[in-house]
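# Observations on the three-dimensional arrangement
Below are the chains, spelled out letter by letter.
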Amino acid sequence: MQMMTRDVLLGMEEEEDDDDGDIVLDNLEQTTVSNFGPLESQPDFRTPEFEEFNGKHDSLFFNDGQRRIDFVLVYEDESRKETNKKGSNEKQRRKRQAYESNLICGGLQLEATRSVLDDKLIFVKVHAPWEVLCTYAEIMHIKLPLKPNDLKTRSSAFGNFSWFTKVLQVDESIIKPEQEFFTAPFEKNRMNDFYIHDRDTFFNPATRSRIVYFILSRIQYQVRDNVKKFGINKLVSSGIYKAAFPLHDCNFSQRSEDPSCPSERYLLYREWAHPRSIYKKQPLDLIRKYYGEKIGIYFAWLGYYTQMLFLAAIVGVACFLYGYVNQNNCTWSKEVCHPDIGGKIIMCPQCDKICPFWKLNSTCESSKKLCIFDSFGTLVFAVFMGVWVTLFLEFWKRRQAELEYEWDTVELQQEEQPRPEYEAQCTHVVINEITQEEEHVPFTTWGKCIRVTLCASAVLFWILLIIASVIGIIVYRLSVLVVFSTKLSQTFNGTDPIQKYLTPQTATSITASVISFIIIMILNTIYEKVAIMITNFELPRTQTDYENSLTMKMFLFQFVNYYSSCFYIAFFKGKFVGYPGDPTYWLGKYRNEECEPGGCLLELTTQLTIIMGGKAIWNNIQEVLLPWIKNLIGRYHTASRTEKKSPRWEQDYHLQLMGKLGLFYEYLEMIIQFGFVTLFVASFPLAPLLALVNNILEIRVDAWKMTTQYRRMVPEKAQDIGAWQPIMQGIAILAVVTNAMIIAFTSDMIPRLVYYWSFSVPPYGNHTQYTMEGYINSTLSYFNVSDFKSRSRGSSASDFDIRTCRYRDFRNPPGHPQEYKHNIYYWHVITAKLAFIIVMEHVIYSVKFFISYAIPDVSKRTKSKIKREKYLTQKLLHENHLKDMTKTMGVIAERMGPVVTDNHLRPKSE
């Protein structure tokens, strides 16, 4: 920034384009350049060097072979571009040339080369010389090596099984461990303190790209109505440049022909992204070195989450197998299927007039499936998952702290700079309360309140829109249930095998789940764009603030979008239905849905399976097939034009752009999955297994697409996983409540336990010992068909000569003094459910609190290492400073010595 000390304003002619304004050139002193004449002839205007491609397709350097390419800008030659508006190409050319001139004035070196495959395209290669790198490394507070560090030694917790872990580790002869250093924020005036053995390697390629991108994002090119326009992002979005990216170091399928190139992309593909490496641990240090800490911490978290899922999946499968093995011993399911019990129980219609009476044994198959999931193993697994999620979060914090130390991001906040979009809007001057100095902010306190209110209102509107869609699905369920009840009974007779599986409730549940999934994906696609617009309007200060704000908006929306249907099935469906003589109506028109005799647990399991499975398939299509097909089409077109070998920058240009929010969507996908695994796991113990299989593939799929299908992202620093950590903690707390309520209110476990211990034996029961026999009969209440209201009365009762029917509730029978009122069984069950929720929540929360307290976020060893490194770093800098001072004082003393000898006087200080 010291190099950019003046602005040269190029006045533009007034044209019809609203985007007109003054082009800005940074140079030695401020001048205004005339409108007349071509820009190339204007004074102080600098253009890139034009060079022909030298035929070295793997080269990462300018044609001279000395200057490394740190960034590539791509544009279409305006003289060969078609246009629909007169003069628009000329305007774009002037802005681009002003921008490139300012880059050169800022100290960067540019070299332009025309495309080998398409002569319309021009690639501008950007190189940052040593002085520019040093200047901006100090501005950005980048930590750089002081001296080799011998403290960072890692020990494996599985040292006794080294023969086993060696198979899982990446071969160190292929990917060599990185040398560790003491580091400190770079300062140019203390350059001698840093470990500079070779200027070409002191700044690694990732750091060089970060610095150059920082410069590219802040260089101005135009001023219009006193509003500055600057940054490569703006130029790319407006079409002046077609792309801007750092280079991959080689082809992913083979090593670079340059022996000095480490071919890290090839190593990552071979040892990380290739299917044959699926069982190996991830080379996290190389991922971090090549892609930056932000991507490295994502894969570290995803890998750790996947490791922890192994334990959850094993326990979940064990609980599932327990239910599967014991399903034949499920007494209440046998009663449902028994022809003399379930076959003789006539159930009341589940809708008005059209729906027929039906026999309980028509739900035989679903009751058998329900025995697998609604078992004692479900309770054990729900308690286990409440503890598991706490262990995962606490151990991840420790692992994250280790990575902060190993990757040198402990004090990252000091490095982060304001976003260029934020800096551009800083037009208001305020007094800092601490420093009492003037500083610029984008808006006043009142303006900030208005923005926050508008953003919150927009988010609330979209959440209400989702709730409206959920209501629409509920109305669909209520309407279609009537249709299925009529059509299926007419299509199949009572003995048809397909009717055992395709009941009206099952058909309604499956179709509603599919429609719900489609609506979820449509709303998700729309809201992504809306959330970005809202966050841009909010104008957060730093990139971390921006991502955290966007994260909270997106997750809040996704939470309602993905989980609302599950919450409805788990906690609302079948809970407020009344009884056949006085049913409850939704919107005064639609009769509320009822659960099957076994409850809504199986339907909740179906909903989770469809959403989790559908989401995984949809994401894989988006993440794998789309970029692969796009790249395949691109390669086909380029191959059809020429057979020439293209240079590295042109090969990378034809790859797909991941985008700055690409990693955000990866996190969002995994956090939504984390919610399914924890919030509703009591209804689906196989969820951790599905998540485990998905994540094992997800890691390698993400690695494959990053190394083979996408351009190299600009490396970014990150200390942790950001706002996702508190979101996971919130999910973990909520999961205890939801699972306790699923067991209490959605499953039939509590009513069965109450019957077994209280109502199967006297004084309420007739059995001499505790048993589950008679459970189905005791949980189905009687209803007199003659008590149907005219609105509900059907015409099929006379066909069966039915006088009474049964319905799922705990109410007194007809003729009782308190006819159709809740009986004592109901109050026992309600009391037991509430007691169970309170006990389960308190027990699990107590265990969670104890675990959180017992396991510190940062291990004692890591704390000692951080303190030790900080002490040694300060000591090293202090000692070097003392040496410099001593050396300087010695030189001064030598110069002043003769004066003292000749005059016998104290020397005067200079």
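A quick note: this is a predicted structure, and the numbers were derived from the prediction, not measured. (Residues numbered from 1 in each chain as written. Predicted model: local features only at pLDDT ≥ 70, side-chain atom pairs only at ≥ 80, totals over all residues. Heavy atoms only, no water.)

## Thoughts on the overall build of the chain
When helices and strands are tallied, the chain shows 27 helices and 22 strands. Looking at the 910 residues of the chain, the share that counts as buried comes to 51%. Taking all contacts inside the chain whose residues are at least 6 apart in sequence as the whole, residues at least 24 apart take part in 76%. Roughly 44300 Å² of accessible area belongs to the chain as shown, and the carbon and sulfur atoms make up 58% of that amount. (Helix = DSSP H or I, 4+ residues; strand = E, 2+ residues; numbered from the N terminus. Buried < 20%, exposed > 50% of the residue type's maximum accessible area, 1.4 Å probe, protein only. Contact = heavy atoms within 4.5 Å. Areas by Shrake-Rupley, 256 points an atom, 1.4 Å probe, with all protein chains shown as cover.)

## Regarding the state of the cysteines
Scanning all chains against the criterion turns up three disulfides. One disulfide bridge connects Cys-330 with Cys-371, the sulfur atoms lying 2.3 Å from each other. Torsion about the S-S bond of the Cys-330 and Cys-371 cystine: about -70°, corresponding to left-handed handedness. Of the two residues, Cys-330 sits in the loop between helix H9 (293-325) and helix H10 (331-337) while Cys-371 sits in helix H11 (residues 364-373), which places them 41 residues apart along the sequence. Side by side, Cys-330 and Cys-371 carry an identical accessibility label, which is buried. The disulfide that involves Cys-337 links it to Cys-364, with 1.9 Å between the sulfurs. Between Cys-337 and Cys-364 the disulfide shows an S-S torsion of about 100°. By sign, it is right-handed. (Disulfide = S-S within 2.5 Å.)

## Some remarks on the packing of aromatic side chains
By the definition in use, this model includes 59 aromatic pairs. A centroid spacing of 6.0 Å and a plane angle of 80° characterise the contact between Tyr-75 and Tyr-241, whose relative ring orientation is edge-to-face. Of this pair, Tyr-75 sits in strand E5 (residues 71-76) while Tyr-241 sits in the loop between helix H6 (232-237) and strand E12 (243-245), and the two are 166 residues apart along the sequence. Judged by relative accessible area, Tyr-75 falls into the buried class, the value being 4%. Assessed through its relative accessible area of 0%, Tyr-241 is described here as buried. Taken together, a centroid distance of 6.1 Å and an interplanar angle of 55° make the contact between Phe-186 and Phe-202 tilted. In this pair, Phe-186 is assigned in the loop between strand E9 (181-185) and helix H4 (199-202) and Phe-202 in helix H4, connecting sequence segments 16 residues apart. Phe-202 matches Phe-186 in its accessibility class, with the two residues each being buried. Cation over ring: Arg-96 sits above Tyr-75, and NZ or CZ is 3.8 Å from the ring centre. One cation-aromatic arrangement involves Arg-451 over Phe-537; the distance from NZ or CZ to the ring centre is 4.7 Å. (Phe/Tyr/Trp six-rings, centres within 6.5 Å; stacked < 30°, edge-to-face > 60°. Lys NZ or Arg CZ within 6 Å of the ring centre and 35° of its normal.)

## Structural notes on the packing of helix H7 (residues 264-273) against helix H21 (residues 687-709)
Across the interface, H7 lies against H21 with an axial gap of 10 Å and an inter-helix angle of 160°. Of the possible angle classes, the one that applies to H7 and H21 is roughly antiparallel. Judged by the sense of rotation from one axis to the other, the crossing of H7 with H21 is left-handed. Counting all contacts with H7, which are made through Arg-265, Leu-268, Tyr-269, Trp-272 and Ala-273, the residues of H21 involved are Ile-699, Arg-700, Ala-703, Trp-704, Thr-707 and Thr-708. (Axes fitted to C-alpha atoms, helices over the stretch in contact; angles between N-to-C directions. Parallel < 35°, antiparallel > 145°, perpendicular 65-115°, else oblique. Left-handed = near helix turned anticlockwise from the far one by under 90°.)

## Side note on the confidence of the model for the chain
The predicted model of the chain has a mean per-residue pLDDT of 81, with 85% of residues at 70 or higher. The least confident element of the chain is strand E3 (residues 31-33), whose mean pLDDT is 29; the most confident is strand E7 (residues 121-127), at 95. Here residues 1-19 is a poorly scored stretch, pLDDT under 50, and it has 78 contacts once near neighbours within four places are set aside; other chains count. (pLDDT = per-residue confidence, 0-100.)

## Quick word on the environment of Ser-59
Following the sequence through the fold, Ser-59 ends up in the loop between strand E4 (49-50) and E5. Residues Ser-59 and Cys-261, spaced 202 residues apart in sequence, show a C-alpha to C-alpha distance of 9.2 Å. Those residues in contact with Ser-59 that lie beyond four places of it in its chain are Arg-648 and Trp-649. Within the structure, Ser-59 has its side chain in polar contact with the backbone nitrogen of Phe-61 (distance 3.2 Å). (Polar contact = N/O pair within 3.5 Å; in protein donor to acceptor, adjacent residues only side chain to side chain.)

## Concerning the sheet that holds E7
Whenever strands of a sheet pair, they do so through backbone hydrogen bonds, lying parallel or antiparallel. Strands sit in the order E4-E6-E7-E5-E12 across an open sheet of five strands; the sheet is mixed. Of all strands in the sheet, those with a lone pairing partner are E4 and E12, marking the two edges. Across the sheet, helix H1 (residues 88-105) lies against E5, strand E6 (109-114) and E7, angled at about 160° from E5, the strand it touches most. Sheet contacts for helix H5 (residues 205-216): E5 and E7; angle to E5, the most-contacted strand, approximately 45°. (Pairing = 2+ DSSP bridges.)

## Thoughts on the packing of helix H20 (residues 662-679) against helix H22 (residues 724-746)
Direction vectors running N to C along H20 and H22 enclose 25°, while the axes themselves pass 8 Å from each other. Here H20 is positioned roughly parallel relative to H22, judged by the angle of their axes. Two packed elements cross with a definite hand, and for H20 against H22 that hand is right-handed. For the pair H20 and H22, the contacting residues are Phe-664, Tyr-667, Leu-668, Ile-671, Phe-674, Gly-675, Thr-678 and Leu-679 in the first and Trp-724, Ile-727, Met-728, Ile-731, Leu-734, Ala-735, Thr-738, Asn-739 and Ile-742 in the second. The residue makeup of the contact of H20 with H22, split by class, is 13 nonpolar, four polar and no charged. (Nonpolar A, V, L, I, M, F, W, Y, C, P; charged D, E, K, R; others polar.)

## Examining unusual backbone geometry
Peptide bonds are mostly trans, and most non-glycine residues show a negative phi. Omega for the peptide link from Pro-762 to Pro-763 comes to 15°, which places this bond in the cis form. Mapping Pro-763 onto the fold places it in the loop between helix H23 (749-759) and helix H24 (775-779). Within the chain, His-141 stands out as a residue other than glycine whose phi angle is a positive 55°. Notably, Ser-263 is not glycine yet its phi reads approximately 55°, a positive angle. With respect to the helices, strands and loops of the structure, Ser-263 is situated in the loop between E12 and H7. Given the relative accessible area of 1%, Ser-263 is considered buried.

## Section: the pattern of salt bridges
Applying the stated criterion across every chain yields a total of 34 salt bridges. Lys-242 is the partner of Glu-76 in a salt bridge, and the nearest nitrogen-oxygen pair spans 3.9 Å. Placement of Glu-76 in strand E5 and of Lys-242 in the loop between H6 and E12 is noted, with a sequence separation of 166 residues between them. We note a salt bridge from Arg-114 to Asp-77, for which the minimum N-O separation is 3.2 Å. In this pair, Arg-114 sits in strand E6 while Asp-77 sits in the loop between E5 and H1, placing the two residues 37 residues apart along the sequence. On the accessibility criterion, Asp-77 (11% relative accessible area) is buried. (Salt bridge = Lys/Arg side-chain N within 4 Å of Asp/Glu carboxyl O.)

## Let's talk about helix H8 (residues 284-291)
Side chains of residues three or four places apart in an α-helix project in the same direction, reflecting 3.6 residues per turn. Restricting attention to buried positions, one finds in H8 the residues Leu-284, Leu-286, Ile-287, Tyr-290 and Tyr-291. Summarising the axial view, the buried residues of H8 lie within an arc of 160°, below the 170-degree limit, and thus occupy one face. Where H8 is buried, its residues meet H7, H9, helix H12 (376-406) and H21. (Arc of directions from axis to C-beta.)

## Quick notes on the side chain of Arg-806
Topologically, Arg-806 is positioned in strand E22 (residues 804-808). An unpaired buried charge is present at Arg-806: no salt bridge exists, and Glu-335, the closest side chain of opposite charge, is 9.5 Å distant. Once residues within four sequence positions are removed from consideration, Arg-806 is found in contact with Ile-345, Ile-346, Met-347, Cys-348, Asn-777, Leu-780, Ser-781 and Tyr-782. (Lys, Arg positive; Asp, Glu negative; His and termini not counted.)

## Structural notes on the nonpolar core
Residues Trp-301, Phe-392 and Phe-676 are the most contacted members of the largest nonpolar core, which totals 145 residues. Excluding its chain neighbours within four sequence positions, the residues that come into contact with Phe-676 are Tyr-562, Tyr-563, Cys-566, Leu-608, Ile-611, Met-612 and Val-681. Residues Phe-71, Val-132, Ile-211 and Leu-876 belong to the second largest nonpolar core, which totals 46 residues. (Core = buried A, V, L, I, M, F, W, Y, C linked by side-chain atoms within 4.5 Å.)

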